[in-house]
Amino acid sequence: MANIFLIGFMGSGKSTVGKQLAYLLQYDFIDLDEYLQKQEGATITQLFEEKGESYFREQESQYLKSFHASEKLVLSTGGGAPCFFDNMKWMNENGTTVYLKAVPKLLADRLKKEKDHRPLLRGKSNDEVIDFINQKLGEREKFYLSAKIIVDAVSLNGKKLVHELKVRNII
Ligand code: S3P
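This is a predicted model, so every value here is computed, not measured. (Residues numbered from 1 in each chain as written. Predicted model: local features only at pLDDT ≥ 70, side-chain atom pairs only at ≥ 80, totals over all residues. Heavy atoms only, no water.)

(A) Here's a closer look at the packing of aromatic side chains. What the rule picks out here adds up to 5 aromatic pairs. Between Phe 5 and Trp 90, the ring centres sit 5.8 Å apart and the planes meet at 65°, which makes this aromatic pair edge-to-face. On the criterion of sequence distance, the pair formed by Phe 5 in strand β1 (residues 3-7) and Trp 90 in helix α5 (residues 87-93) is long-range, its members being 85 residues apart. A residue is classified by how much of its surface remains accessible, and Trp 90, at 11% relative accessible area, is buried. Taking 5.8 Å as the distance between ring centres and 80° as the angle between the ring planes, the aromatic pair formed by Tyr 35 and Tyr 63 counts as edge-to-face. Of the two residues, Tyr 35 sits in helix α2 (residues 32-40) while Tyr 63 sits in helix α4 (residues 53-65), which places them 28 residues apart along the sequence. Of the residues examined, Tyr 35 reaches a relative accessible area of 25% and is grouped as partly exposed. Using a relative accessible area of 15% as the deciding quantity, one classes Tyr 63 as buried. (Phe/Tyr/Trp six-rings, centres within 6.5 Å; stacked < 30°, edge-to-face > 60°. Helix = DSSP H or I, 4+ residues; strand = E, 2+ residues; numbered from the N terminus. Buried < 20%, exposed > 50% of the residue type's maximum accessible area, 1.4 Å probe, protein only.)

(B) Structural context of the pattern of salt bridges. In this structure the tally under the stated criterion is 10 salt bridges. The shortest N-O distance in the salt bridge between Arg 57 and Glu 60 comes to 3.0 Å. Note that Arg 57 and Glu 60 are positioned in helix α4 at a spacing of 3 residues, about one turn of the helix. Overall, the relative accessible area of 4% leaves Arg 57 in the buried class. Note on Glu 60: relative accessible area 1%, which makes it buried. Notably, a salt bridge pairs Asp 109 with Lys 112, separated by 3.2 Å at the nearest N-O pair. Judged by its relative accessible area of 32%, Lys 112 falls in the partly exposed class. The network of salt bridges with common partners includes Glu 53, Arg 57 and Glu 60. (Salt bridge = Lys/Arg side-chain N within 4 Å of Asp/Glu carboxyl O.)

(C) Broad picture of the environment of Asp 31. Relative to the assigned elements, Asp 31 resides in strand β2 (residues 28-31). The spatial distance from the C-alpha of Asp 31 to the C-alpha of Lys 14 is 8.7 Å, given a sequence separation of 17 residues. Setting aside residues no more than four positions away along its own chain, Asp 31 makes contact with Ser 15 and Ser 76. (Contact = heavy atoms within 4.5 Å.)

Following this line, the structure appears as structure tokens:
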């Protein structure tokens, strides 16, 4: 069984749904952000502040690609991962990509409470968060839309995603 990569903007529910999906399929679950933080011994905020975003992006790409040999893995990626280097192409060649699609309003509502844990949102007012999401989603969606499967992130859960993957003959 090939790996399943969950992609989408911050707040789209990749980690929550990914854990449920892995449990239902009896796959292992990896949250790429958490994995990277453990390997690096630092939080993402620290990495952005101390080593810069480009260092983080390089590490993110390397850790992502380190999972090429494993299988039966659900991997939730950071919101920016598909949009740097050839990461999206690589994921499409090495597993099934699933885009959890959500409109900016929903993402903003979910992210308002969690701004401080995300370096790209830190210090922004709620209005600035909405502007940021609108702009970034505009830049990023072309990458996200090249996913093999696109699902509506609103009220998505592991069970619904299992159904979708069965309908599409992925599992
Ligand atoms: C980022 C999303 C975050 C994390 C980092 C950068 C982004 O992951 O990788 O803060 O560029 O959108 P989540 O989407 O899991 O929050």
